[in-house]
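Observations on the model geometry
Given next are the chains, with one letter for each unit.
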Amino acid sequence: MTELQWYAYLLGFVAFAIGCYVYYLSRNKQLNDQQVKIRKRIMNIFLIIALVCVGYSWL
C-alpha cells in the first residue's frame, strides 16, 4: 500500500464516520421533512466519498 492509498483509506474512514454522524443528526424528531432530506443527502455524499476512497485504497 502506497502512502497515497493509506491517506485515501484514512480519509474514507473519516468520511464514513461523518456520514454516520449526519445520519444520527437526521433522526431528530423535531426536524421538518426538508431538513431531514438535506441531511440525508449530505449523509449520502459522505458515504459515497468513503466508498470511493476505500475502493481506491484497495487497488
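The structure this text deals with has already been given above.
Residues numbered from 1 in each chain as written. Predicted model: local features only at pLDDT ≥ 70, side-chain atom pairs only at ≥ 80, totals over all residues. Heavy atoms only, no water.

Further remarks concern the side chain of S57. Along the chain, S57 falls in helix α2 (residues 33-58). You can call S57 buried: its relative accessible area is 3%. The contact partners of S57, leaving out residues within four places of it in the chain, are M1, Q5 and Y9. (Helix = DSSP H or I, 4+ residues; strand = E, 2+ residues; numbered from the N terminus. Buried < 20%, exposed > 50% of the residue type's maximum accessible area, 1.4 Å probe, protein only. Contact = heavy atoms within 4.5 Å.)

Next up on the list: the environment of G12. In this structure, G12 sits in helix α1 (residues 3-26). Judged by relative accessible area, which is 2%, G12 ranks as buried.

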